[in-house]
Amino acid sequence: MAKSRSSYVCQNCGAITQRWQGRCESCGEWNTIIEEAAALGIGGAAARRGGAGRPFPLEDLSGASRPELRVATGIAELDRVAGGGFVPGSATLIGGEPGIGKSTLLIQACAAVARAGGRAIYVSGEESTAQVRLRAARLGLADAPVQLAAQTLVEDIVATLGSGDAPRFVVIDSIQTMWSDAIESAPGTVSQVRGSAQALIRFAKSSGAALLLVGHVTKDGQIAGPRVVEHMVDAVFSFEGDGAHAFRLLRAAKNRFGATDEVGVFEMTGAGLAEVPNPSALFLAGRDGRASPGAAVFAGVEGARPLLVEIQALVAPTTLGTPRRAVVGWEPSRLAMVLAVLESHGGLKLGQYDIYLNVAGGLKVAEPAADLAAAAALVSSLTGAALPHDAVYFGEIALSGSVRAVAHTGLRLKEAAKLGFTTAFAPAPPRAEGESARIGAKPIASVASLVALIAAAGVEAKSVPRAAERARGGVTN
Ligand code: TYD
Ligand code: MG
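Before going into details, it helps to say that this report is about the structure given with it. (Residues numbered from 1 in each chain as written. Chains lettered and ligands numbered in written order. Predicted model: local features only at pLDDT ≥ 70, side-chain atom pairs only at ≥ 80, totals over all residues. Heavy atoms only, no water.)

## Focus on the pairing of strand 4 (residues 91-96)
The side chains of a regular strand alternate between the sheet's two faces. Along strand 4, 6 of the 6 residues are buried, which leaves the element largely enclosed by surrounding structure. Of the two faces of strand 4, the one holding Ala91, Leu93 and Gly95 and the one holding Thr92, Ile94 and Gly96 are both buried throughout. By the bridge criterion, 6 bridges tie strand 4 to strand 8 (residues 210-216) in an arrangement that is parallel. The partner of Ala91 across the bridge, within strand 8, is Leu211. (Buried < 20%, exposed > 50% of the residue type's maximum accessible area, 1.4 Å probe, protein only. Helix = DSSP H or I, 4+ residues; strand = E, 2+ residues; numbered from the N terminus. Pairing = 2+ DSSP bridges.)

## Some thoughts on the site of ligand 1
Residues in contact with ligand 1 amount to 16 residues; listed here are only the nearest, Gly99, Lys102, Ser103, Thr104 and Arg135. A distance of 2.9 Å separates a nitrogen atom of ligand 1 from a polar backbone atom of Thr269. A distance of 3.1 Å separates an oxygen atom of ligand 1 from a polar backbone atom of Gly270. Alone, ligand 1 offers 560 Å² of accessible surface; in the complex the protein occludes 72% of this. Mapped by element, the contributors of at least two residues to the shell around ligand 1 are helix 3 (102-115), helix 4 (129-138) and strand 11 (263-269). (Near = heavy atom within 4 Å. Polar contact = N/O pair within 3.5 Å; in protein donor to acceptor, adjacent residues only side chain to side chain. Areas by Shrake-Rupley, 256 points an atom, 1.4 Å probe, with all protein chains shown as cover.)

## Focus on the environment of Arg324
Tracing the backbone through its elements, the reader meets Arg324 in the loop between strand 14 (305-317) and strand 15 (325-328). Residue Arg324 is classed as partly exposed on the basis of its relative accessible area, which comes to 45%. The spacing of Arg324 and Tyr356 is 32 residues in sequence and 7.8 Å in space, taken between C-alpha atoms. If sequence neighbours within four positions are ignored, Arg324 has contacts with Tyr353, Asp354, Ile355 and Tyr356. (Contact = heavy atoms within 4.5 Å.)

## As for helix 11 (residues 409-418)
By the burial criterion, the buried members of helix 11 are Arg412, Leu413, Glu415, Ala416 and Ala417. Buried residues along helix 11 sit against helix 8 (279-283), strand 13 (295-302), strand 14, strand 17 (391-393) and strand 20 (423-426). Downstream of helix 11 by one or two residues, Gly420 has phi in the positive range, about 90°.

## So, the sheet that holds strand 3 (residues 33-37)
With respect to topology, 3 strands assemble into an open sheet ordered 2-1-3, the strand pairing being antiparallel. Strands at the two margins of the open sheet, each flanked by one partner only, are strand 2 (16-17) and strand 3. Two elements, strand 1 (residues 6-10) and strand 2, share 2 bridges in a ladder whose sense is antiparallel. Bridging from a neighbouring strand, Val9 pairs with Ile16 of strand 2.

## Describing the pattern of salt bridges
Inspection of the entire model under this criterion finds 13 salt bridges. Arg80 serves as the salt-bridge partner of Glu77, at 3.0 Å between the closest nitrogen and oxygen. Highlighted residues: Glu77 and Arg80, both in helix 2 (residues 76-81), separated by 3 residues, approximately one helical turn. You can call Glu77 buried: its relative accessible area is 4%. Taking relative accessible area as the criterion, Arg80 reaches 28% and is therefore assigned partly exposed. Among the ionic contacts, a cluster of salt bridges with common partners joins Glu77, Arg80, Glu262 and Arg305. (Salt bridge = Lys/Arg side-chain N within 4 Å of Asp/Glu carboxyl O.)

## Observations concerning unusual backbone geometry
With omega at 5°, the peptide bond leading from Asp173 into Ser174 counts as cis. Tracing the chain through its elements places Ser174 in the loop between strand 7 (169-173) and helix 6 (190-207). Not every positive phi belongs to a glycine, and Asn31 is a case in point at roughly 55°. Topologically, Asn31 is positioned in the loop between strand 2 and strand 3.

## A look at the sheet that holds strand 12 (residues 272-275)
Taken in spatial order, the 9 strands make up an open sheet running 6-5-7-8-4-9-10-11-12, and their pairing is mixed. In this open sheet, the two edge strands, each paired with only one partner strand, are strand 6 (147-149) and strand 12. Going across the sheet, the axis of each strand differs from the next one's by a mean of 25°, ignoring polarity. With 5 bridges joining them, strand 4 and strand 9 (residues 235-241) adopt parallel strand pairing. Within strand 9, the position partnered with Leu93 by the bridge is Val236. Along the sheet face, helix 6 touches strand 4, strand 7 and strand 8 and points at about 160° away from the line of strand 8. (Axes fitted to C-alpha atoms, helices over the stretch in contact; angles between N-to-C directions.)

## Things to note about the nonpolar core
One finds Phe298, Trp330, Leu342, Leu357, Leu363, Leu378 and Tyr393 to be the most contacted residues of the largest nonpolar core, which totals 63 residues. Per element, the largest residue contribution to this core is 8 residues, and it comes from helix 10 (residues 371-383). Those residues in contact with Trp330, other than ones at most four positions away along the chain, are Leu335, Val338, Leu357, Val359, Val365, Glu367, Ala370, Asp371 and Ala374. Residues Ala111, Phe169, Val171 and Ala235 belong to the second largest nonpolar core, which totals 36 residues. (Core = buried A, V, L, I, M, F, W, Y, C linked by side-chain atoms within 4.5 Å.)

## A closer look at the packing of helix 5 (residues 154-162) against helix 6
Two elements in contact, helix 5 and helix 6, have axes whose closest approach is 10 Å; the angle formed by their N-to-C orientations is 10°. Considering the angle they form, helix 5 stands roughly parallel to helix 6. Contacts from Val154, Ile157, Val158, Leu161 and Gly162 in helix 5 reach Ser196, Ala199, Leu200 and Phe203 in helix 6. Of the residues assigned to the contact of helix 5 with helix 6, the class counts are 7 nonpolar, 2 polar and no charged. (Parallel < 35°, antiparallel > 145°, perpendicular 65-115°, else oblique. Nonpolar A, V, L, I, M, F, W, Y, C, P; charged D, E, K, R; others polar.)

## Concerning empty space enclosed by the protein
Inspection of the entire model under this criterion finds 3 cavities of 30 Å³ or more. Considered as a void within the structure, the largest cavity measures approximately 60 Å³ in volume. Taken together, Phe298, Gly300, Val301, Glu302, Leu307, Val309, Leu363, Val365 and Glu367 form the lining of the largest cavity. Elements represented by at least two residues in the lining of the largest cavity include exactly strand 13 and strand 14. (1 Å grid on protein atoms, 1.4 Å probe; cavity = no way out; pocket = protein on both sides within 12 Å on 5 of 7 lines; lining within 4 Å. Points joined across faces, edges and corners; volume = space filled by probe spheres on them.)

## Quick word on the packing of aromatic side chains
Overall, the coordinates contain 5 aromatic pairs when judged by the stated rule. When the ring of Phe247 is compared with that of Phe283, the centres are 4.7 Å apart and the planes differ by 75°; the resulting orientation is edge-to-face. Taken together, the residues Phe247 in strand 10 (residues 247-255) and Phe283 in helix 8 connect sequence positions 36 residues apart. The same class applies to Phe247 as to Phe283, namely buried. Note on Tyr393 and Phe425: the rings are 4.8 Å apart at their centroids and 10° apart in plane angle, and the pair reads as stacked. (Phe/Tyr/Trp six-rings, centres within 6.5 Å; stacked < 30°, edge-to-face > 60°.)

Worth remembering: the numbers are spatial, not functional.
See the structure below:
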């Protein structure tokens, strides 16, 4: 019989070593290795019983499978990310920073399922039932027949869930607080998280409940605990947002039952999370009524959803030896690249200027398609020429100074047209179809032509007041 031994497990990445080390060799983190009782390994339980495994009947691929009815929460933004509702028997892990609104979203989802007549259970390992109730009351959900518990012992939870009618929707908030009797390590350790997740997922698969696990994230945005939990579940969602702004994005990083390019947009309000069916309108809400230099509207795409945001630039003469480059919501390295291209192919001299770039509304833009909008905002601020108020920009800038085509052109144009924009500055003349035909396309082939276009518009705009001044005799030269 196998001797029970302990092993040393990194709490960051799950790597196992035979002796304690200060630094994990696999992920490089310090002081993350903790002694845990070793698992018996695959087949270990059978060996302990001293017998062979129990045979089970095999099925073939053509066999009748249960129709895939989904558990819809009625929160459209959440259901869409899940692929049209949650699949019964599936497990979903939702990660996000503390305070972003995971508990709020899930109590709202529970209440919606319960109101529709399904048995919905919310198990909190972090808050007392009184606290959960208090929040539900604030959200106006106090009358929803959600079943609550503040428990952390997985065996008890599984036994409770299994008694009575099969639940349709089960929320565990959070998986890091759960622990199992069968595992000797402290709650929150890799083996506890893994073991608890395993027990809960097994329950979901056998009962047909849709299981949602809340997961904490580490400081670099990864879901804490072993990566193996991400492999065990059917879907991994991340709930993101910027504490200073009210909007929240729900993205699928993995989804066995739907597309991973769906994005759900929510707004945190005094009455909980509200769905945002038209995010572009939210991000453009604070826009100045009139055109001002340094602002360009970027027709972006988040996942499969078009999203219009304003990119703001300020180019100001520097008073420092080394000019400042500050950027919020965009990659600093991307800004450095666009500036280098503007200098070498656009003929601009930016060495004597401080440069600030900001994506309005707190959104983080990762698409290379934002290059053209950022460049337009920068050139506009430098020349003092405002960009047309009803124009959008998108396109990737190559190091050669040319502007390259990007994906989802039709989607971007359609969204821009829907919001009343009339012109799109984009790489190649896009095929106009349907609603996008209503928007005029101005092809921009290179950074040089973008600079020329904006500068020419600036000269034109400046020459009008100058001509008027001259007419009054103010200018004599
Ligand atoms: P919470 O769901 O507790 O976050 P998480 O579970 O991800 O840690 O959300 C907490 C934040 O949400 C808190 O800072 C307050 C805010 N909030 C509102 O703005 N309005 C509301 O109606 C609720 C319930 C919370
Ligand atoms: Mg919470």
